[in-house]
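# Per-entry structural report
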Amino acid sequence: DREFESAENIFKKILEIEPHNSNAIYNMGLVCKVLNKAEEAEKYFEQVIDKVPQHIDAYYNLAYVFFKERKYIEAENSIKKLISLKPDYKGAKRLLIRIYNAQKREKEAEVLLKRELAITPEDSELNLLYGEILFKNGKYKEALEYYRRVLKVEPENYNALLYSAISLKNIDKFKDSII
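## Looking at helix H7 (residues 106-119)
Its 14 residues place the ends of H7 20 Å apart at the C-alpha level, agreeing with the 20 Å of an ideal helix rising 1.5 Å per residue. Turning to H7, its buried residues are Glu 106, Ala 109, Glu 110, Leu 112, Leu 113, Glu 116 and Leu 117. Buried residues in H7 make contact with helix H6 (92-102), helix H8 (124-136) and helix H9 (140-153).

Next comes the structure, spelled out in structure tokens:
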């Protein structure tokens, strides 16, 4: 944290001298983000976007800060703007999936997940996310398939192991209740 606090002081000094320096403003937003100063980070990222409307990294980081602060509508607006500017921005659709999921908009998350998994079927993070959605909806067998995909790539993935075990246990309980 000390390094980031030092960076914060340096960027403050730069901004005193050059208050319109968009690189310094953006970097100040990043430093505030790391230091968990969400409101300040939001302010800096919004300033950058005002000055440089095509600054895609600022949109992503603003959306991320909004997401962490549970400001889901703002996060969704920011990430959708980013996607409209650069549809293939790494991580943007994953963040949008997480935003949908956090708002309990599983159907929208599921549609986007299926589309992304069609492109990268071995992606552990996407498989885990899809497994979580299926698990939350009581679709344990289907969830298990996605957890197994994760475990093929990451055999020690804690969440995939844990939810696989719980899914198997729930599948057995379901079998017992039918018999």
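## A few points about the environment of Lys 152
Residue placement: Lys 152 occurs in helix H9. Lys 152 sits 30 residues away from Glu 122 along the chain, and the two C-alpha atoms are 8.8 Å apart.

## Concerning the side chain of Asn 61
Inspection of the secondary structure assignment puts Asn 61 in helix H4 (residues 56-68). Within the structure, Asn 61 has its side chain in polar contact with the side chain of Lys 33 (distance 2.5 Å). The contact partners of Asn 61, leaving out residues within four places of it in the chain, are Tyr 26, Leu 30, Lys 33 and Phe 45.

## Structural notes on the packing of helix H1 (residues 2-17) against helix H2 (residues 22-34)
Close contact between H1 and H2 brings their axes to 9 Å; oriented N to C, the two are set at 155°. Our classification of the angle between H1 and H2 gives roughly antiparallel. Judged by the twist between their axes, the crossing of H1 over H2 is left-handed. Between H1 and H2, the residues in contact are Phe 4, Ala 7, Glu 8, Phe 11, Lys 12, Ile 14 and Leu 15 and Ala 24, Ile 25, Asn 27, Met 28, Val 31, Cys 32 and Val 34, respectively.

Rules and cut-offs
- Residues numbered from 1 in each chain as written.
- Predicted model: local features only at pLDDT ≥ 70, side-chain atom pairs only at ≥ 80, totals over all residues.
- Heavy atoms only, no water.
- Helix = DSSP H or I, 4+ residues; strand = E, 2+ residues; numbered from the N terminus.
- Expected span 1.5 Å × (residues − 1).
- Buried < 20%, exposed > 50% of the residue type's maximum accessible area, 1.4 Å probe, protein only.
- Contact = heavy atoms within 4.5 Å.
- Polar contact = N/O pair within 3.5 Å; in protein donor to acceptor, adjacent residues only side chain to side chain.
- Axes fitted to C-alpha atoms, helices over the stretch in contact; angles between N-to-C directions.
- Parallel < 35°, antiparallel > 145°, perpendicular 65-115°, else oblique.
- Left-handed = near helix turned anticlockwise from the far one by under 90°.

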